[in-house]
Amino acid sequence: MVVFAVPAEVAVILLDIEGTTTPITYVKDTLFPYIRDNVKEYLCAHWEEEECQQDISLLRKQAEEDSNLDGVVPIPLETGNGEDEVEQVIQAVVDNVHWQMSLDRKTTALKQLQGHMWRAAYATGLMKGEFFQDVVPAIRKWREAGMKVYIYSSGSVEAQKLLFGYSTEGDILELFDGHFDTKIGHKVESESYRRIASSIGCSTNNVLFLTDVTREANAAEEADMHVAVVVRPGNAGLTDDEKSYYSLITSFSELFLPSST
């Protein structure tokens, strides 16, 4: 078994989600298809609710900003002309969501609606968060050793909390000291990692960041964080240079903490 010795100054472990704690297939084959397949039904069921109308307003505003892009689907305003008009607006929202998802866009408007849809699906038991088998036992061990554990994902903090709050392992939110998303900065920008360390109240070299994406690992390293690249089934392959440059682990159990001696 490969062993990565965690440097003695590390007091915080920062985790990516997709491809690190959670199989990429869960995101691609469960989370996103659920949105595509159920967005119309969700909108019809929640149309009169204020939260749903706020989601649609954000999507409409985003569509206006996207008006110069090929394929954009505008979302008309309602004028109160009956059910036929409501159906037309709903279909426009559905088509807009499908268009954004086909381009793998990560707009705030799209993420907000997705988060609300996932919340309903998790709360009713239609969906449960999934993790690699080594993840939860390892995090428990790290916490027992005095480590703080945080999440940093491009998915919204709300979506992160749903994943860990409604999981195959039950509600495991207590295992985490906090959550970060792209509101603190993009994951390929080194400044984001400096902001995270500042928010936690430590130096960047007190943090070990685990991710499957080498561009993120590079940005964290530029900020003077320790990094290890996580190699999981279904993740993108690494180049020979990346394999030789980065510390690689295939399981969280391969981390050897200073206090393990």
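Residues numbered from 1 in each chain as written. Predicted model: local features only at pLDDT ≥ 70, side-chain atom pairs only at ≥ 80, totals over all residues. Heavy atoms only, no water.

Within the UniProt annotation, "binding site: Mg(2+)" (unreviewed entry) is assigned to Asp16, Glu18 and Asp212. A maximum C-alpha distance of 8.1 Å is found for the annotated residues, which run over 197 residues; spatially they form one tight group. Here Glu18 lies in the loop between β2 (12-15) and α1 (24-46). In contact with Glu18, other than residues within four places in its own chain, are Ile24, Val27, Lys28 and Asp212. Mapping Asp212 onto the fold places it in the loop between β5 (207-211) and α8 (214-222). Judged by its relative accessible area of 13%, Asp212 falls in the buried class. Once residues within four sequence positions are removed from consideration, Asp212 is found in contact with Asp16, Glu18, Gly19, Thr20, Ile24, Val229, Val230 and Asn235. (UniProt positions renumbered as here; feature names shortened; annotations may be inferred. Helix = DSSP H or I, 4+ residues; strand = E, 2+ residues; numbered from the N terminus. Contact = heavy atoms within 4.5 Å. Buried < 20%, exposed > 50% of the residue type's maximum accessible area, 1.4 Å probe, protein only.)

The next point concerns the packing of helix α7 (residues 190-200) against α8. Look at α7 against α8: their axes get within 7 Å of each other, and the N-to-C directions meet at 60 degrees. Classified by the interaxial angle, the pair formed by α7 and α8 is oblique. Here α7 and α8 pass one another in a crossing that is right-handed. Taking contact as the criterion, the partners of Ser190, Tyr193 and Arg194 in α7 are, on α8, Glu216, Ala219, Ala220 and Glu222. Considering only residue class, the contact of α7 with α8 consists of three nonpolar, one polar and three charged. (Axes fitted to C-alpha atoms, helices over the stretch in contact; angles between N-to-C directions. Parallel < 35°, antiparallel > 145°, perpendicular 65-115°, else oblique. Left-handed = near helix turned anticlockwise from the far one by under 90°. Nonpolar A, V, L, I, M, F, W, Y, C, P; charged D, E, K, R; others polar.)

Counting 58 residues, the largest nonpolar core has Leu15, Leu43, Trp142 and Leu210 as its most contacted members. At eight residues, α1 tops the list of elements feeding residues into this core. Two domains each provide a minimum of three residues to this core, namely domain 1 (4-22 + 129-260) and domain 2 (28-123). If we ignore the near neighbours within four places in the chain, the residues touching Leu43 are Cys52, Ile56, Ile90, Val93 and Val94. Ranked by size, the runner-up nonpolar core spans 20 residues in total, among them Leu14, Phe209, Val229 and Tyr246. (Core = buried A, V, L, I, M, F, W, Y, C linked by side-chain atoms within 4.5 Å. Domains from an automatic or database assignment.)

In this section: unusual backbone geometry. Backbone geometry follows two general trends: most residues other than glycine have a negative phi, and most peptide bonds adopt the trans configuration. For Asp104, which is not a glycine, the phi torsion comes out positive at approximately 55 degrees. Its location among the elements puts Asp104 in the loop between α3 (83-102) and α4 (108-123).

Assigned domains within the chain: domain 1 (4-22 + 129-260) and domain 2 (28-123). Between the C-alpha centres of domain 1 and domain 2 there is a distance of 31 Å. Taken residue by residue, the interface counts nine residues in domain 1 and eight residues in domain 2. Carbon and sulfur atoms make up 60% of the surface buried where domain 1 meets domain 2, a total of about 790 Å² over both sides. Considering only the side of domain 1, the residues that lose the most area to domain 2 are Glu158, Leu162 and Tyr166, jointly responsible for 52% of the buried surface there. Its salt-bridge partner being Glu158, residue Arg119 comes within 3.5 Å of it at the nearest N-O pair. Our count for the domain 1 to domain 2 interface comes out at three residue pairs in polar contact (both at pLDDT 80 or more). Grouping the constituent residues of the side of domain 1 that touches domain 2 by class yields four nonpolar, three polar and two charged. (Buried area = accessible area lost by both parts, 1.4 Å probe. Salt bridge = Lys/Arg side-chain N within 4 Å of Asp/Glu carboxyl O. Polar contact = N/O pair within 3.5 Å; in protein donor to acceptor, adjacent residues only side chain to side chain.)

On to the environment of Gln112. Positionally, Gln112 belongs in helix α4. According to the relative accessible area criterion, Gln112 is partly exposed, its value standing at 26%. Along the backbone, Gln112 and Leu59 are 53 residues apart, and their C-alpha atoms lie at a distance of 9.3 Å. In contact with Gln112, other than residues within four places in its own chain, are Gln54, Asp55 and Leu58.

Across all of its chains, the model carries 10 aromatic pairs by this definition. Their ring planes at 80 degrees and their centres at 5.4 Å tell us that Tyr152 and Tyr193 sit as a pair that is edge-to-face. Of this pair, Tyr152 sits in strand β3 (residues 148-152) while Tyr193 sits in helix α7, and the two are 41 residues apart along the sequence. Each member of the pair, Tyr152 as well as Tyr193, carries the same accessibility label: buried. Relative to Phe209, the ring of Tyr152 has its centre 6.5 Å away and its plane inclined at 45 degrees; by these criteria the two rings are tilted. With a gap of 57 residues between them, Tyr152 in strand β3 and Phe209 in strand β5 connect regions that are remote in the sequence. In this pair, the class of Tyr152 matches that of Phe209, namely buried. Following the ring pairs from residue to residue traces out a cluster consisting of Phe131, Phe164 and Phe176. Sitting over the ring of Tyr152, Lys187 keeps its end group 5.4 Å from the ring centre. Cation over ring: Arg232 sits above Phe252, and NZ or CZ is 5.1 Å from the ring centre. (Phe/Tyr/Trp six-rings, centres within 6.5 Å; stacked < 30°, edge-to-face > 60°. Lys NZ or Arg CZ within 6 Å of the ring centre and 35° of its normal.)

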